[in-house]
Amino acid sequence: MSEEDEHAQSLNERKVDPEEVRKLFAGECTFFWGASRKDGLPPPGLPETAFAGRSNVGKSSLINALTGRKALARVSQTPGRTREINFFNLGGRLTLVDLPGYGYAKASKELAAEWQDMIFAYLRGRPTLKRVVLLIDARRGVMPVDHAVMDLLDRAAVSYCPVLTKTDTLAPYERDSARAEVEAATRKHVAAYPVLFATSSLKASGLDSLKAHLAALAAP
Ligand SMILES: Nc1nc2c(ncn2[C@@H]2O[C@H](COP(=O)(O)OP(=O)(O)OP(=O)(O)O)[C@@H](O)[C@H]2O)c(=O)[nH]1
Ligand SMILES: [Mg+2]
């Protein structure tokens, strides 16, 4: 295990045996609910982790990569594709929530406002929401709209962990500066988890430590 993975592990609430982590993510994962309105959410049940981030950042791809599926969550050819909040049951122990992207400039202003409203209502008022996985595109870094979402999560006291996506698109030296930038940006936020996960869904890299982090939140 790398030093970084060890650091991530040491911060977990509960140490999960690597074999249990592997089994959880290799097992059943099924779509069970899609909500397109804020009053259309499923009743709170299992612990939840929600994947949030700008349009096209790679939320659906990361859910597919973590669960080893090709098309569990629909991946967009055009940004702004995921319009519903989609709920997936992972092995009867954890709910994975695929959120619509925010900050997509070409969506009409009104539609964007409606999405934000729905996502914010979900993030603020969900008792079973244990952690938000906040995705940041390694090529773009933290954008103003990401700071706005982090501010909201801070205020709502919803803890979140930053995750860099698409690290395969950067050269190794660029990855280091992308990391440093995101670490500096999230350090100012009180609800941010002090570990940054760097991932590529395309190359399936950086997934194991994120899986271990999420498995620690699952119901026994
Ligand atoms: N190079 C590379 N491309 C990726 C990676 N992950 C996702 N993509 C691409 O990025 C685009 C958007 O991916 P999605 O997973 O649909 O992103 P999303 O955040 O769910 O998008 P919305 O639902 O529209 O908000 C697709 O063309 C993916 O193939 C990655 O790790 N590396
Ligand atoms: Mg999506």
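The following refers to the structure shown. Please read these numbers as outputs of a predicted model, since none were measured by experiment.

## Quick word on the nonpolar core
- Counting residues in each nonpolar core, the largest one holds 52 residues, and the members touching the most others are Phe-51, Leu-134, Leu-135 and Val-163.
- In terms of residue count, strand β5 (residues 129-137) provides more of this core than any other element does, 6 residues in total.
- Not counting residues within four places of it along the chain, the set of residues in contact with Leu-134 comprises Ala-52, Gly-53, Tyr-160, Cys-161, Pro-162 and Val-163.

## A closer look at the sheet that holds strand β1 (residues 29-35)
- Strand order in the open sheet formed by 7 strands is β1-β3-β4-β2-β5-β6-β7, and the pairing between neighbours is mixed. This sheet does not close on itself; its edge strands, each paired only once, are β1 and β7 (197-198).
- Relative to β5, strand β2 (residues 48-53) runs parallel, the two being bridged by 6 bridges. Bridge pairing links Gly-53 to Leu-135 in β5.

## Remarks on unusual backbone geometry
- Its identity is not glycine, yet Ala-157 carries a phi of approximately 55 degrees, on the positive side.
- Here Ala-157 shows up in the loop between α5 (144-156) and β6 (160-165).
- What makes Ala-157 exposed here is the crowd of 9 C-beta atoms within 10 Å.
- Despite not being glycine, Ala-204 shows a phi value in the positive range, around 50 degrees.
- Summarising the element assignment, Ala-204 is placed in the loop between β7 and α7 (207-215).

## Some thoughts on the pairing of strand β4 (residues 94-98)
- The buried count for β4 comes to 5 of 5 residues, which makes it a mostly enclosed element.
- Residues of β4 alternate between two faces, with Leu-94, Leu-96 and Asp-98 on one and Thr-95 and Val-97 on the opposite face, all of them buried.
- Relative to β4, β2 is paired through 4 bridges, and the arrangement is parallel. Residue pairing for β4: Thr-49 is matched across the bridge by Leu-96.
- As paired elements, strand β3 (residues 85-90) and β4 share 5 bridges and run antiparallel to each other. Paired with Phe-87 across the strands is Val-97, a residue of β4.
- The hairpin formed by β3 and β4 contains 3 residues between the paired strands, and Gly-91 there has a positive phi angle of roughly 55 degrees.

## Notes on helix α6 (residues 172-187)
- Between its first and last C-alpha, α6 extends 23 Å over 16 residues, near the 22 Å set by a 1.5 Å rise per residue.
- Buried residues along α6 sit in contact with β5, α5 and β6.

## Here's the deal with the environment of Glu-28
- Considering the arrangement of structural elements, one finds Glu-28 in the loop between α2 (18-26) and β1.
- Judged by local crowding, Glu-28 falls into the exposed class, with 11 C-beta atoms found within 10 Å.
- C-alpha separation for the pair Glu-28 and Leu-90, spaced 62 residues apart in sequence, amounts to 6.1 Å.

## Points about the environment of Leu-90
- Here Leu-90 lies in strand β3.
- The spatial distance from the C-alpha of Leu-90 to the C-alpha of Leu-24 is 7.2 Å, given a sequence separation of 66 residues.
- If we skip the residues at most four places from it in the chain, Leu-90 touches Leu-24, Cys-29, Thr-67 and Leu-96.

## Topic: the packing of α2 against α7
- Running from N to C, α2 and α7 point in directions that differ by 90 degrees, and their axes come no closer than 9 Å. One finds that α2 runs roughly perpendicular with respect to α7. Along the contact surface, α2 presents Glu-20, Val-21, Leu-24 and Phe-25, while α7 presents Lys-211, Ala-212 and Ala-215.
- The residue makeup of the contact of α2 with α7, split by class, is 5 nonpolar, no polar and 2 charged.

## Points about the pairing of β3
- Among the 6 residues in β3, 5 count as buried, and that is most of the element.
- Judged from the 6 bridges that link them, β1 and β3 form a sheet pairing that is antiparallel. Across the sheet, the residue bridging to Cys-29 is Leu-90, located in β3.

The rules behind each value
Residues numbered from 1 in each chain as written. Chains lettered and ligands numbered in written order. Predicted model: local features only at pLDDT ≥ 70, side-chain atom pairs only at ≥ 80, totals over all residues. Core = buried A, V, L, I, M, F, W, Y, C linked by C-beta atoms within 7 Å. Buried ≥ 20, exposed ≤ 12 C-beta atoms within 10 Å, placed from the backbone. Helix = DSSP H or I, 4+ residues; strand = E, 2+ residues; numbered from the N terminus. Contact = placed C-beta atoms within 7 Å. Pairing = 2+ DSSP bridges. Expected span 1.5 Å × (residues − 1). Axes fitted to C-alpha atoms, helices over the stretch in contact; angles between N-to-C directions. Parallel < 35°, antiparallel > 145°, perpendicular 65-115°, else oblique. Nonpolar A, V, L, I, M, F, W, Y, C, P; charged D, E, K, R; others polar.

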